[in-house]
Number of protein chains: 2
Amino acid sequence: MRSPCPICAALDLVGDKWSLLIVRDMIWLGKTRYNQFTDSPEHIPTNILADRLKRMERFGLIQSKPYQDNPPRHEYHLTDKGLELRPVLIEMIHWANKHIPGTITPPVPID
Amino acid sequence: MRSPCPICAALDLVGDKWSLLIVRDMIWLGKTRYNQFTDSPEHIPTNILADRLKRMERFGLIQSKPYQDNPPRHEYHLTDKGLELRPVLIEMIHWANKHIPGTITPPVPID
DNA sequence: CGGGATCCGTCTTGATACTG
DNA sequence: CAGTATCAAGACGGATCCCG
């Protein structure tokens, strides 16, 4: 779907069902590790999570850093590019809170 | 993916590759008719377009009004709920313009 | 003729079992 | 516990068909 349209371009990177939820978990809940993401109430499948983390790193939205050698483990952090998706999410929250009954702010209460 | 998270809820409605592009075409280019949407440079397949229009109407994002009887034709307009996705798109545009090279504002120049 | 339904091959998803 | 393999189910994309 190449096109110079910024909305398209953005959707090519984060226009799927899961990527923005991972960003949400990182921004609002400070999550950085694999099992923290699988623990979210939406229950992202593990294969999808692994794929999205790779994809988002490839796109420069997150960066993985090792924090342990044996077994090798790493944590995932947002880059500036990823962090700056925050205003997009904020507007989504406003919109949902106004138009979709049953939504709660902040986005992810401990369940 | 039910959960009270507003971001989830929003993504359930417009978290796919095409819905927000249709909204974009409506907001920025004033498009209202079937063939206008298929004419966009991203070339949405007709079956997907028909499906998304139905879906978005079901979700209350758009409303279809007949403008001709024979053959029956109608045009699609954003509801307030749909219109108010504008700030979300605006933030996406800002983000893309800043972080994805090659994107242009306004989003869809006549190609 | 143009909206949009149908068909079909392909790619993606989601659940879950599995491995190191 | 992080990540991969497997596989069924569904979504997508393209072509074509149909109908007013």
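Residues numbered from 1 in each chain as written. Chains lettered and ligands numbered in written order. Predicted model: local features only at pLDDT ≥ 70, side-chain atom pairs only at ≥ 80, totals over all residues. Heavy atoms only, no water.

Visitor: What is the right way to look at the relation of the copies chain B and chain A in this model?
Guide: Relating one copy of the chain to the other requires a rotation about an axis plus a shift along that axis. Screw-axis analysis of chain B against chain A gives a translation of 0.0 Å along the axis, an RMSD of 0.1 Å, and a rotation angle of 180°. The superposition operator between the copies reduces to a two-fold rotation axis. Most of the interface of chain B is mirrored in chain A: 100% of its interface residues are interface residues there too. (Least-squares fit on C-alpha atoms with pLDDT ≥ 70 in both. Contact = heavy atoms within 4.5 Å.)

Visitor: Can you help me understand the interface of chain B and chain A in this one?
Guide: For an interface, size is often stated in terms of accessible area lost upon the parts coming together. Between chain B and chain A, the contact holds 42 residues from the first and 42 residues from the second. A combined buried area of about 3700 Å² lies between chain B and chain A, and 78% of that area is made up of carbon and sulfur atoms. A per-residue breakdown of the area chain B buries against chain A is headed by Pro6, Ile7 and Trp95 of chain B, which together make up 19% of the total. Here chain B is connected to chain A by two salt bridges. Of the charged contacts, one joins Glu84 of chain B and Lys98 of chain A as a salt bridge, the two residues approaching to 2.9 Å between their closest N and O atoms. When residues of the side of chain B that touches chain A are traced back to their parent elements, those giving at least two are helix H1 (6-14), helix H2 (19-29), helix H5 (80-83) and helix H6 (86-99) of chain B. A per-element tally of the side of chain B that touches chain A places H6 of chain B first, with eleven residues. (Buried area = accessible area lost by both parts, 1.4 Å probe. Salt bridge = Lys/Arg side-chain N within 4 Å of Asp/Glu carboxyl O. Helix = DSSP H or I, 4+ residues; strand = E, 2+ residues; numbered from the N terminus.)

Visitor: Explanation requested: the environment of Ile27 of chain A in the structure shown.
Guide: Residue and element names in this part refer to chain A. Checked against the element boundaries, Ile27 lands in helix H2 (residues 19-29). A relative accessible area of 18% means that Ile27 is categorised as buried. In this structure the C-alpha to C-alpha distance between Ile27 and Leu89, which are 62 residues apart in sequence, comes to 9.9 Å. Apart from residues no more than four positions distant in its own chain, Ile27 is found in contact with Leu78, Leu83, Arg86 and Leu89. (Buried < 20%, exposed > 50% of the residue type's maximum accessible area, 1.4 Å probe, protein only.)

Visitor: How do you make sense of the state of the cysteines when you look at a structure like this?
Guide: Cysteine pairs can be covalently joined through their sulfur atoms, and such a bond is termed a disulfide. Residue and element names in this part refer to chain A. If you walk through the whole model with that rule in mind, you get zero disulfides over all chains. Its sulfur unpaired, Cys5 is 4.0 Å from the next cysteine sulfur, which belongs to Cys8. Given a relative accessible area of 0%, Cys8 falls into the buried group. (Disulfide = S-S within 2.5 Å.)

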